[in-house]
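Report on the structure
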Amino acid sequence: MIFVINRVTGKFEDDMRTLREKRTEPGWSFCEYFMVQEELAFVFEMLQQFEDALVQYDELDALFSQYVVNFGAGDGANWLTFFCQPVKSWNGLILRKPIDMEKRESIQRREATLLDLRSYLFSRQCTLLLFLQRPWEVAQRALELLHNCVQELKLLEVSVPPGALDCWVFLSCLEVLQRIEGCCDRAQIDSNIAHTVGLWSYATEKLKSLGYLCGLVSEKGPNSEDLNRTVDLLAGLGAERPETANTAQSPYKKLKEALSSVEAFEKHYLDLSHATIEMYTSIGRIRSAKFVGKDLAEFYMRKKAPQKAEIYLQGALKNYLAEGWALPITHTRKQLAECQKHLGQIENYLQTSSLLASDRHLTEEERKHFCQEILDFASQPSDSPGHKIVLPMHSFAQLRDLHFDPSNAVVHVGGVLCVEITMYSQMPVPVHVEQIVVNVHFSIEKNSYRKTAEWLTKHKTSNGIINFPPETAPFPVSQNSLPALELYEMFERSPSDNSLNTTGIICRNVHMLLRRQESSSSLEMPSGVALEEGAHVLRCSHVTLEPGANQITFRTQAKEPGTYTLRQLCASVGSVWFVLPHIYPIVQYDVYSQEPQLHVEPLADSLLAGIPQKVKFTVTTGHYTIKNGDSLQLSNAEAMLILCQAESRAVVYSNTREQSSEAALRIQSSDKVTSISLPVVPAYHVIEFELEVLSLPSAPALGGESDMLGMAEPHRKHKDKQRTGRCMVTTDHKVSIDCPWSIYSTVIALTFSVPFRTTHTLLSSGTRKYVQVCVQNLSELDFQLSDSYLVDTGDSTDLQLVPLNTQSQQPIYSKQSVFFVWELKWTEEPPPSLHCRFSVGFSPASEEQLSISLKPYTYEFKVENFFTLYNVKAEIFPPSGMEYCRTGSLCSLEVLITRLSDLLEVDKDEALTESDEHFSTKLMYEVVDNSSNWAVCGKSCGVISMPVAARATHRVHMEVMPLFAGYLPLPDVRLFKYLPHHSAHSSQLDADSWIENDSLSVDKHGDDQPDSSSLKSRGSVHSACSSEHKGLPMPRLQALPAGQVFNSSSGTQVLVIPSQDDHVLEVSVT
């Protein structure tokens, strides 16, 4: 049986496929093909193969839809003309019969209209879907069918009476809903509202269209023309079908009742609308619910019930604002404004009118209308004087920028501050504003009295301009913050021949773009802006705001010191106040009360001692007014002079550093006080003038022959700062200044740098002595030196200082040195020490003739033990039989130590011993070769007893070996006084004299073996201490001053030739 059925149906399908392939031939009829394929569907249906039967109807549906689309594209089939006949019946879908034989026969006779074909085809699909227990697919297909039929009628240009299609859609929606309710229980229907709510919404929309068309929504009710139209529409419905005649709430009865009267229409429309809104809300589709509510609001407005329409308009507007739909926002605001006007909500109406007046989506005339509404209300006399209507400012005008003058937003008490703001008016016409007010909050911070103008200026913007961010559009979610559209092309091809059926564009991230954007409160509710009242305000009256940018300037005089914060901006138009509740970013200006101040600073980086230097005085008057007779009293420092100039002038500046005047200074000086008379200046001004000061140059008195930096003289009362190295010596001079505004004195310290660094050196040539003074210029200036003198300040009468410098004037450049040399001559025994004072005149080389004479630069020092006592002469002899020394060969070194004078005062120390014939002293010699050219063989040091008599001589012989070839300098020979261990002097040796010698020798075994080899140590201090710690008293060594020993062989070189058997030749070049 199954085999026979498959064979028969297969043959039938082949015949049907053959017939379908002939659809391009002339005379082919869709109605005939429809009947053939439907017979196959009937067969599947009888065999309980409902899915296969449904496929047959779906193929017929798709084939017919494709022909309609091709017809709209200009490729029409001849048989489609049968379906283009005018629509005369619009009784809706019939779903209660398994097969509508009446419509099937009309199709077979080729008399069916487009609606008849679609109605019959959907009824068969609905029956099969219900057999398959898929009722929710029926609702989905029904909604698609209704929308497609409307479009197909337009494509085929079928003549449809006005309102007929709305009746057909309304009846069809209710028929589908009732058919689904008939086969499902209430629980299933409630849980699947998402599938049916679209039909409810579509039915509500079509009923609304019928009500507007038939005059059932107008204020006066339907007229005769509306009644005739209603009669025609009801006639097109025909008689009610028998299967619904006994149903109380059939779609036919509902439509006929709704169109019968205004009250009945209102009842049915409201029921459908509320039911649809409730369904959308229950499934979370708030946006769709708001859209239905907006239609309901329009209905209430037509019915003159604005109190009911307002809540729906607010809901729709809130939804549009959340999603950023500009044009629907504008349209809804217009409706809301009309509603608020009818309700008498003046504040809300004015707020909405201001938004519409600034809305550029409206025409210029519409914007002017709403702006005039605000101006008309503002010009009306108020019933309650003093009553203000406060509205937000963002729709009226926007604050663009703000500029302070002075730019640092800092002003003193009594000063004038200007605040210039730029307001961008969004009104389409000029608006006269009675006053623009800025509310200012005043605060006194802790320790604000310590804030000066300089401190406040550092914490302010440099240009004084503050830009405000542009007012955002009243959308909670900016369009820029939404993700970009992800659009893709979509192609749908035929499964049989892969031909393109449909194409389109889909958005893959629609769930991100159409997300619900809700806020907890309405966005168009009354503003609730509070108008601040304060004692401090900036006010500008009678201003006309032109459309666009406007400059408004506020002027205020500072009265109380503190911080002023601009909090709120208000503009009044009659009794209407537009308020910007918070000015952000925060804008502040400061008012200060400053104490008078005196500031003294040098004009140069550093002040140089010895030459006139300019010092700048800055007097900040603060709140003090300088009167006639006020002066600065300066106490004169001991070593610093204040130079009075006849043409000293003071410059007076305002608090904003603008020069206001110039006056002459009157300076009077006495021995102890210098008085500077100040010009008459009002408060909060600055006086600047310059004075010249002169610090006396000098260098300190020094002893010894080592190079030392200059120090302050002991009798100086001021404090000197000494720095080693290449830095200049600085000296601080403190000056006490009495100011007229204070009972206390102001003490300032001026630091002067001595431009010169001076050192001295004792030079010897046998018994002849020379003193060399080195003057080094450490400053950046060039000087001219003149009249150099060196005098002995002691009591020596037989001492002469003979200068060897021939030039009376000599330039000294920056960072350079100049040397002066004097020879010491005496006729009798030389003094044990010399006290010298060096002086030299100096002046800046680049300056013109100075108005005052400068004091010379002085330098005092002391020279001790400068007379030559011993002459040391060393000589190296080659080995016997050789003419020259050779490397690696032992040579003879002879050291000759000669006493040049008899007993002097400097010889009388612990080392001096007396015998019957003469005096003698113990000396220690040491031979050292620091350059490692010679190897000393045997002992390199020893202790000798030297007679204290002129021409006394001691010879020392030792062997040395040259290590290199060439002209080699002789080894160094050093002399030390050999002091016994009980010498009090030796226990208090001068550390500096030890440190000057790189290596000293001390005998390991004391006095018993003075000529044995010695131990070398730097300074010998640690070795001596360690020996004493062990309990062994050791003798001490004292270095002889450099002036008492003259090395006559210093600089002598010996020729050393290489050995003949050397393969590697090493030559020392010095």
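Residues numbered from 1 in each chain as written. Predicted model: local features only at pLDDT ≥ 70, side-chain atom pairs only at ≥ 80, totals over all residues. Heavy atoms only, no water.

Looking only at helices and strands, the protein chain has 22 helices and 50 strands in total. A burial count over the protein chain gives 47% of its 1070 residues as buried. A separation of at least 24 residues holds for 72% of the contacts in the protein chain among residues at least 6 apart in sequence. Of the accessible surface of the protein chain, which amounts to about 54,600 Å², a share of 51% is contributed by carbon and sulfur atoms. (Helix = DSSP H or I, 4+ residues; strand = E, 2+ residues; numbered from the N terminus. Buried < 20%, exposed > 50% of the residue type's maximum accessible area, 1.4 Å probe, protein only. Contact = heavy atoms within 4.5 Å. Areas by Shrake-Rupley, 256 points an atom, 1.4 Å probe, with all protein chains shown as cover.)

Another point: the pairing of strand β5 (residues 431-443). The sheet contact formed by β5 and strand β9 (residues 536-545) spans nine bridges and is antiparallel. Within the sheet, the bridge partner assigned to V438 lies in β9 and is L538. (Pairing = 2+ DSSP bridges.)

The next subject is the packing of helix α15 (residues 306-323) against helix α16 (residues 326-343). One can describe the packing of α15 onto α16 by two numbers: an axis separation of 9 Å at closest approach and a directional angle of 155°. Here α16 runs roughly antiparallel to α15, going by the angle between their axes. Handedness of the α15/α16 crossing: left-handed. Seen from α15, the contacting residues are P306, Q307, A309, E310, L313, Q314, L317, Y320 and L321; seen from α16, they are P328, I329, T332, R333, Q335, L336, C339, Q340, H342 and L343. Counted by class, the contact of α15 with α16 contains 11 nonpolar, six polar and two charged residues. (Axes fitted to C-alpha atoms, helices over the stretch in contact; angles between N-to-C directions. Parallel < 35°, antiparallel > 145°, perpendicular 65-115°, else oblique. Left-handed = near helix turned anticlockwise from the far one by under 90°. Nonpolar A, V, L, I, M, F, W, Y, C, P; charged D, E, K, R; others polar.)

A few words on the pattern of salt bridges. Taken as a whole, this structure holds 36 salt bridges when the rule is applied. Its salt-bridge partner being E662, residue R649 comes within 3.2 Å of it at the nearest N-O pair. With R649 in strand β19 (residues 649-654) and E662 in strand β20 (residues 659-664), the pair connects residues that are 13 residues apart, well separated along the chain. Residue class for R649 comes out partly exposed when judged on its relative accessible area of 42%. Under the relative-accessibility criterion, E662 is labelled partly exposed at 44%. Beyond isolated ion pairs, a larger network of salt bridges with shared partners links E51, D58, R134, E137 and R141. (Salt bridge = Lys/Arg side-chain N within 4 Å of Asp/Glu carboxyl O.)

Enumeration over the complete set of coordinates arrives at 35 aromatic pairs. Members of the aromatic cluster, joined through ring pairs, are W28, F30, Y33, F34, F64, Y67, W79, F83 and Y120. Positioned above the aromatic ring of Y424, the side-chain terminus of R400 is 4.2 Å from the ring centre. (Phe/Tyr/Trp six-rings, centres within 6.5 Å; stacked < 30°, edge-to-face > 60°. Lys NZ or Arg CZ within 6 Å of the ring centre and 35° of its normal.)

Note that S106 resides in helix α4 (residues 101-108). Owing to a relative accessible area of 10%, S106 belongs among the buried residues under this scheme. When the C-alpha atoms of S106 and L117 are compared, they prove to be 8.9 Å apart, with 11 residues separating the residues in sequence. When neighbours within four sequence positions are excluded, S106 is seen to be in contact with E111 and A112.

Bringing the confidence of the model for the protein chain into the picture now. Summary statistics for the protein chain give a mean pLDDT of 82 and a share of 86% for residues scoring 70 or more. Segment residues 473-480: pLDDT under 50, and 15 contacts once partners within four positions in sequence are set aside and those in other chains are kept. Contacts from residues 983-1031, a stretch scored under 50 in pLDDT, to residues over four places away or in other chains number 81 contacts. (pLDDT = per-residue confidence, 0-100.)

What follows concerns the sheet that holds strand β10 (residues 548-557). Spatially, the four strands line up as an open sheet ordered β6-β2-β4-β10, and their pairing is antiparallel. Strands with a single pairing partner mark the edges of an open sheet, and in this sheet they are β6 (465-467) and β10. For this sheet, the mean angle separating the axes of adjacent strands, direction not counted, is 20°. Across three bridges, the pairing between strand β2 (residues 397-405) and β6 is antiparallel. Paired with H403 across the two strands is I465, which belongs to β6.

Glancing now at the side chain of S172. Within the fold, S172 resides in helix α7 (residues 164-183). Reaching out from S172, the side chain makes a polar contact with the backbone nitrogen of L93 at a distance of 3.3 Å. Aside from chain neighbours lying at most four places away, what touches S172 is G92, L93 and L146. (Polar contact = N/O pair within 3.5 Å; in protein donor to acceptor, adjacent residues only side chain to side chain.)

This part takes up unusual backbone geometry. The omega torsion of the bond from D405 to P406 falls at 10°, within 30 degrees of zero and hence cis. Locating P406 in the fold gives a position in the loop between β2 and β3 (410-412). Residues Y584 and P585 are joined by a peptide bond in cis, for which omega reads 5°. Topologically, P585 is positioned in the loop between β12 (576-580) and β13 (587-592). Positive phi values are uncommon outside glycine, yet H542 reaches one of about 55°. Position of H542 among the secondary structure elements: in strand β9. The backbone of D787 sits at a positive phi, close to 55°, despite the residue not being glycine. For D787, a relative accessible area of 46% gives the class partly exposed.

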